[in-house]
Amino acid sequence: MAGKGTHSDSKAATIVIKDLRFTYPGIDGHPPPGSTPLIQDFNLTLSSGHRCLLVGSNGAGKTTLLKILGGKHLVEPDMVRVLGRSAFHDTTLISSGDLCYLGGEWRRDVAFAGFEVPIQMDISAQKMIFGVPGIDPQRRAELIKVLDIDLSWRLHKVSDGQRRRVQICMGLLKPFKVLLLDEITVDLDVLARADLLRFLRKECDERGATIIYATHIFDGLEDWPTNIVCQCSILNSFYVNVLA
Ligand SMILES: Nc1ncnc2c1ncn2[C@@H]1O[C@H](COP(=O)(O)OP(=O)(O)OP(=O)(O)O)[C@@H](O)[C@H]1O
């Protein structure tokens, strides 16, 4: 994944990617000698209010890019700044709720059961959602309505799409400034997805949030993004198409 696209405007930049280069490390923790970086010479600037669609073929590196932005992979601090900070080094970005990463699978680490156990235990949606402290009750009620969540759902008995709705609700409870969405709507039905996209648009327009949304599903997205970043696998380049 490589490219040289750039976009900026007069509003405060919330995401700045500058000459990003990334290679997955080998078994010794270092990039294999002579390996071609998965991402190189990639530049992108997004500002408050921007909704960026991240598209590209399987294996292009979309998840990797979102994970780098979400502080899950180490890169040089100057290459990626989120809200002026390095997400890998400044863990308060995530813990404060300013930066939110919502990935494809909802997992947690459980002692003795191992890492990355799917969240499917016998617990109600209400207990999960109301268990998050310090949440604005109005925002919580709006999200429950937008995602059409039945608070009596028990997570070990619901469908994948219903569990996903609870996951998304939990992720959006705090009023994020930057949101990274990785194929998060894949299990949602058409109506739920449309309602969620409308809510996310409002978050950008009214609160000035910035969203990057990686997806292969383009239905209903015609007038949603302000920016599109796409990979052309034939040319092996990233193009940044500025719509706004
Ligand atoms: N932990 C890892 N270690 C080594 N290589 C990895 C790792 N994770 C992903 N890759 C490789 O990096 C490349 C990009 O993967 P990534 O998941 O970022 O692609 P993607 O664009 O999100 O794909 P998709 O559209 O299928 O979700 C793939 O070739 C993949 O095999």
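Residues numbered from 1 in each chain as written. Predicted model: local features only at pLDDT ≥ 70, side-chain atom pairs only at ≥ 80, totals over all residues.

As recorded in an unreviewed UniProt entry, the protein goes by ABC transporter domain-containing protein and comes from Glycine max.

Enquirer: Could you clarify how one ought to interpret the sheet that holds strand β1 (residues 13–22) in this entry?
Expert: Sheet strands pair by backbone hydrogen bonding; their relative direction is either parallel or antiparallel. Taken in spatial order, the 3 strands line up as β2-β1-β4 in an open sheet, and their pairing is antiparallel. For this open sheet the edge positions go to β2 (39–47) and β4 (80–82), each flanked by a neighbour on one side alone. Pairs of neighbouring strands in the sheet enclose a mean axial angle of 10°, with direction left out of account. Pairing of β1 with β4, which is carried by 3 bridges, proceeds in the antiparallel orientation. By the bridge assignment, Ile17 is partnered in β4 with Val80. (Pairing = 2+ DSSP bridges. Helix = DSSP H or I, 4+ residues; strand = E, 2+ residues; numbered from the N terminus. Axes fitted to C-alpha atoms, helices over the stretch in contact; angles between N-to-C directions.)

Enquirer: Is there a simple way to think about helix α6 (residues 190–207) in this case?
Expert: An α-helix turns once per 3.6 residues; consequently, residues spaced three or four apart project the same way. Here α6 contains 18 residues, and its C-alpha end-to-end distance of 25 Å stays within 8% of the 26 Å for a straight helix at 1.5 Å per residue. Every buried residue belonging to α6 is among Ala192, Arg193, Leu196, Leu200 and Glu203, and all of these are buried. Take α6 and look down its axis: the buried residues cluster within an arc of 95°, on one side only. α6 presents Val190, Leu191, Asp205 and Glu206 as exposed residues on the side facing more than 90 degrees away from its buried surface. Positive backbone phi, approximately 75°, marks Gly208, located one or two places after α6. (Expected span 1.5 Å × (residues − 1). Buried ≥ 20, exposed ≤ 12 C-beta atoms within 10 Å, placed from the backbone. Arc of directions from axis to C-beta.)

Enquirer: Looking at this model, I keep getting lost on the environment of Asp148. Mind explaining?
Expert: Assignment of secondary structure puts Asp148 in the loop between α4 (137–146) and α5 (160–172). A residue is classified by how many C-beta atoms lie within 10 Å of it, and Asp148, with 12 of them, is exposed. Along the backbone, Asp148 and Arg165 are 17 residues apart, and their C-alpha atoms lie at a distance of 8.0 Å.

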